[in-house]
Amino acid sequence: MSKPLVVFDKVQKHFGNFVAVKELDFEIREGEFLAIMGPSGCGKTTTLRMLAGLEAPSVGEIRLNDHVMNDVAPHERDTPLVWQSLALFPFLTARENVEFGLKMRGVDKAERRKRALKWLDKMDILEFADRDISTLSGGQKQRVALARSLVMEPQILLLDEPLSALDAHLVIRMQAVLTDLQRELGITFVYVTHSQSEAFAMADRVIIMGKGEIAQIGSPKDIYREPANQFVAEFVGRNNILSGKVASLSDDTARIATPSGDFTVPTKEVHLVKGQKASFVISADLLHISIDEPDARNKAHCKLISEEFVGSMVTLFLENSTGHEFKVQMQERELSKFDLKSGAEIWLSWDTASAHVLNEN
Amino acid sequence: MNPSRSLNVILGIYVAMVFAFVFAPIVFSMIFSFNSQRFPTIPLGEFTTEWYAKILADPDVWEAALNSLIVSCSTAVIATFLGFCTAYSDFRYNFRFKGPYLALILLPPTIPLIIMALAMLAWFSKIGMSGQIYSIIIAHSVLTAPFAMAVIRLRLNQMDPDLESAAWNLGGSEWQTMRYVIIPFCKPAIFSALFLTAAVSFDEFAVSWFVSGLNKTLPVIILEIVQGNIDPQVNAIGTFVFLISMTLVVLAQVFFASRQLKSIKT
Amino acid sequence: MLSSSGRKFNLYALTWRLPIIFWQFIFFVGPVLFMVAMSFFLVKNYRMTEAFEFVNWSKMLSRGYFWDSYWYTVFIAGVSTICAMCIAFPAAFALAFRASESTRRWAIFLLIIPFFTSYLVRTFSWFVILSESGVINGMLGYIGLGPYTMLNTSFGTLVGYMTLTLPLVVILQTVTMANIDKNLIEAARNLGCSAFRTIWQVIIPLSKTGLIIAAIFCFILSFGDFVAPFYLGGSQEPTLPILILDTTKSGQQWPRAAVVAIMMMATLFAIAFAGIALAYRKKKGAK
């Protein structure tokens, strides 16, 4: 795409005996929307704080525009951060909050005011410019926090779970605001979140972190369809994971014996040996259901346990005779053709190409 | 229900009696200050402002009032500065010997004043600083800094821990952040601490008496009058001192409470 | 936060850390250590000379009047503590369990006021109230009683101590008991505990730590106060603070006063540590 803006070169971070970040080796490209996602305690926030200079790497280098940043004080960097807590200054008005960074940089009063108002306007909160922070709603505060960082006109904007305090409907609205902004400004966004929906909805690339390490880097689609390993597959959710032993091998497929039956998987991208353990995933939306036994190489007979509706999408939770749980995602109107009741017996099937073999680790 | 009700009534009367005991000397002192009798008793004598007229005409009282004013204002500033520095260090940093460090500031109020008075008197004589107004100021700052520290530390506890980092992140150096974020945030507590330490200093008599030399403060004047005989002037001065202390305490409370209301809203 | 404190020299950090260290070393640690040193100095011709002799210690500790005074002070401060704890308890109980949240807050605010009023003036006020022709005897006279001598007695001293300590003890007891989980008390009552047994077997054990701390504060305040025993007690039996006062103000015997002061501090530390150990003993056992 384009040249790297930020390079993490074998970066580690220890707090005493606790290793927060084991080893990070990745690049952030100019102008991309990068999401860093992982469960709490995976080191994602520490990674962001190292980028902002709030923590110093214990080992390795962080380079921004080819400059080594390790010893640059936080206030000498141009890496504004949007905080999870927002960290707005409670004793200042909305406008004064936005002006804060410019004031620290010695921009004169008139210019400061002009630029602050421009950004408040851009964020649609101009009318609240002279209000106390405590009188603003959650969404308005969020916009002030964004304006406060963007008024610095940075090359890169860091966001640490900025939407976690908002109501669900506001989250969707702010996601649109953020993606539009990022496209319009063309600057790099680094967005830390534990929410898959936020990361997948907005990001160009996603880094999945687990236990201080990168588990996978890729586009949302890659990660969803082809999780690199079991950790990612489980973290992403809405996946069906089956494990067993390789029973037989052919040119570009393998037959894997699992407690739930024997299944065929593609082996173009992996090397399998007969008898070895193997796991594979099938995304929940790639499973088909039928009442009668289908004529397919991969099928499972299951009982319907429960259904979960989110808008027009529905997730079915099924269980086979060995107790293995399957998840199926489909359009509600598609499901209505079947007229299923809880406890109904149905068949699942999928195309061999839908399965994705996981790397063992 | 009935025994519990009568118990409540008895407890209510009891609480009222305890409060009566606590406030009796304050109230009587005020009443006596307007009472014409030299040895007040029941029934009370006539209303008079004689004692107030007397103290207002007494140059010693004026001088003592001025000394008290200087001492309590200076003490407030020094103690609040020291308290702020310590509260901030405790809030921001972890370092070795932090326990002893905190003990250093918090210990003085647990030592009886008479002992502090003796120790201060001896030490100030030794280093040639005794008998001055600044001797009282220094001693009072040691005694009152813990109160300032406590008030400001409580305020810092209410601060979003990201606030300081947010200011650095926006290009503020540590010093700028102190100037534009920490101090504005602590402002209500700083005022609260100023009034509180001023009030404590304004009433302190034991250490002042020992180290003041000829520079008497109002409480020292009271002490000396009381030593002589019964003189209702004491009540007049006492009422005056009480009103000033109360004003300071109420102001401290107002600053303390107003910021708590505000922090609930945010 | 950790990263910036790790550097060797940090001007910013030291700016905030050092002032109190300098100030307290010069004006708090200095005086206290000097007082200890002073207890070994000599006084010749009304002038103190620096020395290292045990003469002050041996003189003070071998005198009967010092030990009389010592035990009297311990005794009267102990009596004061018991009185204050007992007088305060029903009031604190009422405020903690029978009063509304806002009443309690107001009560505590009112009880803070006395700390900021001149203790001297309050004592003087008692002096007038309690005197033989004072307000109380005046009132008792109407019903044909008295006059009673209340000043220059241990009773007078105790009234002064109560003036000093009662507000604090009520506050500490109230706060401690208000923090007890009310459900535990309900449970005890439901299980058939009588009101007094509930107090004795549930409330007091649960608020033990706070009660002991209140008692320690009360003891420290009474033990170190010279105003009440001097003006209301008449100092016929001088307490240790009065001994310090007399030896310092009139006798020029600062080293001997220092001996008394150190003995006082040692006693207070011993009692405070014993009290704290007692207060937290049960918690350790529970682990």
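Before reading on, note that the structure itself is shown above.
Definitions and cut-offs
Residues numbered from 1 in each chain as written. Chains lettered and ligands numbered in written order. Predicted model: local features only at pLDDT ≥ 70, side-chain atom pairs only at ≥ 80, totals over all residues. Helix = DSSP H or I, 4+ residues; strand = E, 2+ residues; numbered from the N terminus. Rg over C-alpha atoms; globule rule 2.2 N^0.38 Å. Buried ≥ 20, exposed ≤ 12 C-beta atoms within 10 Å, placed from the backbone. Contact = placed C-beta atoms within 7 Å. Pairing = 2+ DSSP bridges. Axes fitted to C-alpha atoms, helices over the stretch in contact; angles between N-to-C directions. Parallel < 35°, antiparallel > 145°, perpendicular 65-115°, else oblique. Left-handed = near helix turned anticlockwise from the far one by under 90°. Nonpolar A, V, L, I, M, F, W, Y, C, P; charged D, E, K, R; others polar. Core = buried A, V, L, I, M, F, W, Y, C linked by C-beta atoms within 7 Å. Expected span 1.5 Å × (residues − 1). Bend = angle between axes of the 7 residues up to and from the residue.

Break down the overall build of chain C for me, citing the residues and quoting the values.
Each helix and strand in chain C was counted, giving 14 helices and two strands. For 287 residues, the compact-globule estimate of 2.2 N^0.38 gives 19 Å, and the C-alpha radius of gyration of chain C, at 24 Å, exceeds that figure by more than 25%. Summarising its shape, the C-alpha atoms of chain C cover approximately 75 × 70 × 35 Å along the three principal directions. The buried share of chain C, taken over its 287 residues, is 41%. Here the contacts in chain C between residues at least 6 apart in sequence split such that 71% fall between residues at least 24 apart.

I'd like to hear about the sheet that holds strand β13 (residues 261-266) of chain A, residue by residue, with values.
Residue and element names in this part refer to chain A. Strand order in the open sheet formed by five strands is β13-β12-β11-β14-β20, and the pairing between neighbours is antiparallel. Of all the strands in the sheet, the pair left with one neighbour each is β13 and β20 (356-357). Strand direction decides the pairing type here: strand β11 (residues 239-249) and strand β14 (residues 277-283), joined by seven bridges, are antiparallel. Counterpart to Leu242 in the pairing with β14 is Phe280.

A description of the packing of helix α9 (residues 182-190) of chain C against helix α10 (residues 195-206) of chain C should follow, citing residues and the corresponding values.
The description of two helices packed together rests on the angle between their axes and the distance between the axes. Residues and elements named next belong to chain C. Remark: α9 packs on α10, axes separated minimally by 10 Å, with the N-to-C direction vectors making an angle of 160°. Of the possible angle classes, the one that applies to α9 and α10 is roughly antiparallel. Note that α9 runs across α10; the crossing there is right-handed. Between α9 and α10, the residues in contact are Leu184, Ile185, Ala188 and Arg189 and Thr198, Val202, Ile203 and Leu206, respectively.

Explain unusual backbone geometry to me, and be specific about the residues and the numbers.
Residue and element names in this part refer to chain A. In this structure, Asn65 takes a positive phi of about 50° despite not being glycine. Position of Asn65 among the secondary structure elements: in the loop between β4 (59-64) and β5 (67-68). Phi is positive for Leu86, which is not a glycine, with a value near 70°. Here Leu86 shows up in the loop between β6 (81-82) and α2 (94-104).

Explain the interface of chain B and chain C residue by residue, including any values.
At the junction of the two partners, chain B supplies 61 residues and chain C supplies 65 residues. For the side of chain B that touches chain C, the elements supplying multiple residues, two or more each, are α1 (2-33), α3 (59-92), α4 (98-106), α5 (113-126), α6 (133-157), α8 (174-203), α10 (218-228) and α11 (233-265) of chain B. The leading source of residues in the side of chain B that touches chain C is α1 of chain B, at 14 residues. Along the lines of polarity and charge, the residues of the side of chain B that touches chain C split into 47 nonpolar, ten polar and four charged.

I'd like a rundown of the pairing of β4 of chain A, residues and numbers included.
All names here are of chain A. Bridging between strand β1 (residues 4-15) and β4 involves five bridges; their strand directions are antiparallel. By the bridge assignment for β4, Val6 is matched with Leu64. Pairing geometry for β4 and β5, over two bridges, is antiparallel. When the bridges of β5 are listed, Arg63 appears paired with Val68.

Go over the sheet that holds strand β18 (residues 325-331) of chain A with me, naming the residues and quoting the values.
All names here are of chain A. If you walk across this open sheet you meet the five strands as β15-β19-β16-β17-β18, and the pairing is antiparallel. The open sheet terminates on both sides in strands that have one partner only, identified here as β15 (288-290) and β18. On average, each strand axis in the sheet is inclined to that of its neighbour by 45°, with strand direction left out of account. Strand direction decides the pairing type here: β15 and strand β19 (residues 345-349), joined by three bridges, are antiparallel.

Give a detailed account of the nonpolar core, specifying residues and quantitative values.
One finds Val190 of chain A together with Leu118 and Met120 of chain B to be the most contacted residues of the largest nonpolar core, which totals 264 residues. Element by element, the count of residues in this core is highest for α8 of chain B, at 14 residues.

Tell me about the pairing of β1 of chain A, and please be specific about residues and values.
Residues and elements named next belong to chain A. Note that β1 and strand β2 (residues 18-29) share eight bridges and pair antiparallel. If you follow Pro4 over to β2, its bridge partner there is Arg29. Joining the antiparallel neighbours β1 and β2 is a turn of two residues, in which Gly16 adopts a positive phi near 60°.

Now, about α6 of chain B: what can you tell me, with residues and values included?
All names here are of chain B. With 25 residues, α6 should cover 36 Å at 1.5 Å per step; its first-to-last C-alpha distance of 35 Å lies within 8% of that length. At Thr144, α6 shows its largest kink, close to 40°, and the proline Pro146 lies no more than four residues downstream. Burial analysis of α6 places 18 of its 25 residues in the buried class, the great majority of the element.

Please provide a residue-by-residue account of the interface of chain B and chain A, values included.
Interface size, as often reported, equals the accessible area lost upon joining of the parts. Between chain B and chain A, the contact holds 18 residues from the first and 19 residues from the second. Those elements that provide at least two residues to the side of chain B that touches chain A are α7 (162-169), α8 and α11 of chain B. Considering each element in turn, the side of chain B that touches chain A owes the most residues, six residues, to α7 of chain B. For the side of chain B that touches chain A, the residue count by class is seven nonpolar, seven polar and four charged.

Account for the packing of helix α4 (residues 64-98) of chain C against helix α11 (residues 208-224) of chain C, with residues named and values stated.
Residue and element names in this part refer to chain C. Two elements in contact, α4 and α11, have axes whose closest approach is 9 Å; the angle formed by their N-to-C orientations is 135°. As the angle between them shows, α4 and α11 are arranged oblique. Where α4 crosses over α11, the two elements pack in a sense that is right-handed. Touching Thr73, Ala77, Ser80, Thr81, Ala84 and Met85 of α4 are Ala214, Ala215, Cys218, Phe219, Ser222 and Phe223, all from α11. Of the residues contributing to the contact of α4 with α11, the split by class is eight nonpolar, four polar and no charged.

Just give me the short version of helix α5 (residues 168-185) of chain A, but keep the residues and values in it.
All names here are of chain A. Over its 18 residues, α5 runs 26 Å from end to end, which matches the ideal 26 Å to within 8%, given 1.5 Å per residue. In this fold, the buried residues of α5 make contact with β3 (33-37), α4 (138-150), β8 (188-193) and α6 (196-202). Positioned one or two residues after α5, Gly186 has a phi angle of 70°, which is positive.

Describe the environment of Gly210 of chain C, with residues and values.
Residues and elements named next belong to chain C. Tracing the backbone shows Gly210 in helix α11. Its 20 C-beta neighbours within 10 Å are what place Gly210 among the buried residues. Once you skip the residues sitting within four places of it in the chain, Gly210 turns out to touch Leu172 and Thr176.

Requested: an account of the environment of Val170 of chain C, with residues and values cited.
Along the chain, the position of Val170 of chain C falls in helix α8 (residues 154-178). Owing to 25 C-beta atoms within 10 Å, Val170 of chain C belongs among the buried residues under this scheme. C-alpha of Val170 of chain C to C-alpha of Phe93 of chain C: the two residues are 77 residues apart in sequence and 9.2 Å apart in space. Ignoring any residue separated from it by four or fewer positions in sequence, one finds Val170 of chain C in contact with Val18 of chain B together with Ala88, Ala91, Ala92 and Leu111 of chain C.

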